[in-house]
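Spelled out from the first residue to the last, the chains are:
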Amino acid sequence: MDLSVVIALFNERESLPELIDWIGRVTASAGLNYEIVLVDDGSNDGSWEYIEGRSQTDAPVKGIRFRRNYGKSAALYCGFEAAQGDVVITMDADLQDSPDEIPELYQMIKSGAYDLVSGWKKRRHDGVLTKNLPSKLYNATARWVTGVKLHDMNCGLKAYRKEVIKSIEVYGEMHRYIPYLAKSAGFSRIGEKVVQHQARKYGKSKFGLNRFVHGYLDLLSLWFLSKFGKKPMHFFGLAGSLTFLAGFACSLIIIINKLIAQSHGIKYRAVTDQPLFYIALVALIVGMQLFLAGFLGELVSRNSHDRNKYLIDKRIV
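Residues numbered from 1 in each chain as written. Predicted model: local features only at pLDDT ≥ 70, side-chain atom pairs only at ≥ 80, totals over all residues. Heavy atoms only, no water.

(A) Structural detail: the packing of aromatic side chains. The full count for this structure, using the stated rule, is four aromatic pairs. Here Phe66 and Tyr70 contribute two aromatic rings whose centre-to-centre distance is 5.4 Å and whose plane-to-plane angle is 90 degrees, an arrangement assigned as edge-to-face. Its relative accessible area of 44% is what places Tyr70 among the partly exposed residues. Relative to Tyr160, the ring of Phe80 lies with its centre 5.6 Å away and its plane at 70 degrees, an arrangement referred to as edge-to-face. (Phe/Tyr/Trp six-rings, centres within 6.5 Å; stacked < 30°, edge-to-face > 60°. Buried < 20%, exposed > 50% of the residue type's maximum accessible area, 1.4 Å probe, protein only.)

(B) Representation of the pattern of salt bridges in the model. With the rule as written, the count across this model stands at ten salt bridges. Residues Lys193 and Glu101 are paired through a salt bridge, measuring 2.4 Å at the closest nitrogen-oxygen approach. Highlighted residues: Lys193 in strand S7 (residues 190-194) and Glu101 in the loop between strand S4 (87-90) and helix H4 (102-110), separated in sequence by 92 residues. Its relative accessible area of 10% is what places Glu101 among the buried residues. Arg161 serves as the salt-bridge partner of Glu163, at 3.3 Å between the closest nitrogen and oxygen. You can call Glu163 partly exposed: its relative accessible area is 41%. (Salt bridge = Lys/Arg side-chain N within 4 Å of Asp/Glu carboxyl O. Helix = DSSP H or I, 4+ residues; strand = E, 2+ residues; numbered from the N terminus.)

(C) Local environment of H4. Here H4 has its buried residues at Ile102, Leu105, Tyr106, Met108 and Ile109. An end-on view of H4 places all buried positions within 160 degrees of arc, on one side of the element. The inward-facing, buried residues of H4 abut strand S1 (3-9), helix H1 (16-29), S4, strand S5 (116-120), strand S6 (158-161) and S7. Positive phi shows up at Gly112, right after H4, with a value of about 85 degrees. (Arc of directions from axis to C-beta. Contact = heavy atoms within 4.5 Å.)

(D) Up close: a nonpolar patch on the surface. Taken together, the side chains of Phe244, Leu245, Phe248, Leu252, Ile256, Ile260, Met288, Phe291, Leu292, Phe295, Leu296 and Leu299 present a nonpolar region at the surface, about 1100 Å² in accessible area. Structurally, Ile260 is set in helix H9 (residues 232-263). (Patch = residues over 30% accessible without salt bridge, like charges linked within 9 Å, V, L, I, M, F, W, Y side chains within 5 Å. Areas by Shrake-Rupley, 256 points an atom, 1.4 Å probe, with all protein chains shown as cover.)

(E) Looking closely at the pairing of strand S2 (residues 34-40). S2 sits mainly inside the fold: seven of its seven residues count as buried. Burial along S2 is two-sided: Tyr34, Ile36, Leu38 and Asp40 facing one way and Glu35, Val37 and Val39 facing the other are all buried. In terms of strand pairing, S1 meets S2 through seven bridges, oriented parallel. Note on S2: the bridge partner recorded for Leu3 is Tyr34. Handedness of the crossover is the feature at issue here: the chain leaves S1, passes through H1, returns alongside S2, and the resulting connection is right-handed. Bridge analysis of S2 against strand S3 (residues 61-65) gives five bridges, and the strand direction is parallel. The residue bridging Leu38 from the neighbouring strand is Gly63, located in S3. A crossover connection joins S2 to the parallel S3 through helix H2 (residues 47-57); in handedness this β-α-β unit is right-handed. (Pairing = 2+ DSSP bridges. Right-handed = clockwise from strand over helix to strand, strands pointing away.)

(F) Here's a closer look at the side chain of Thr90. Tracing the backbone through its elements, the reader meets Thr90 in strand S4. Given a relative accessible area of 4%, Thr90 falls into the buried group. There is a polar contact of 2.9 Å between the side chain of Thr90 and the backbone oxygen of Gly156. Ignoring anything within four residues of it in the chain, the contact list for Thr90 reads Val6, Leu76, Phe80, Gly156, Leu157, Lys158 and Tyr160. (Polar contact = N/O pair within 3.5 Å; in protein donor to acceptor, adjacent residues only side chain to side chain.)

As structure tokens, this is what we get:
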């Protein structure tokens, strides 16, 4: 199969007929053998009933339904698992992503130049203060932290080689950072394409401003896990050792100062009356706890089922 279009949706019944028809026209004109994988993330507006009915008369339409709303990452994970096309394109169901972009995105992947191509909504039809400005700040931070130079990392319109989506695990709310997940898995040929952004035609946005807070926290988690997920001792062990040594040095200073004062018959302030004593004590305890956290993390990591899971690109036997 040439192409899989994976669409995660939640209460988008009004837009589904137009979206599916539009995808069908575009792919037919491009001569592509395709499927549309619609993942219903717990909708309660009749979306699933429409998907069921449409799939009976329209062979490329396939559906997956969640019992409740799990989030976009879970929907994409299941959609990726079901996708069979050599090229996989994701898009939102609200008609803000134009299916007219599909043929060019498909060709960019099939040319072999890219593993992943992300859309860039250069001109947006959203509010400046509620969407545009926060999005620019978010993307600037994401570029700095991840090193993936994309202008719009969270754009829902993306194209992938099949190997990419079968090699990464999207969980939590990590759908925002799929390019970084792909890069961490060794798929470094990441490009972008300016795409058309359309004003929402039906319904209202399912995402509020809290997504930027969640996105920031997820970014930190993803960065930490990619750097130290397989080697927690490198972080906790180093931090614990340095903290413990600092506390040990403070303890030595207190002991040496007391011995010098006693040898010269100088009245010396009680050790327990000195703030440095408590700083040293806290540093020793925290340092030991950090080191033990790294040690326990290393034990867990070494016994993980995917400890030696590596992605092999090619093999000659």
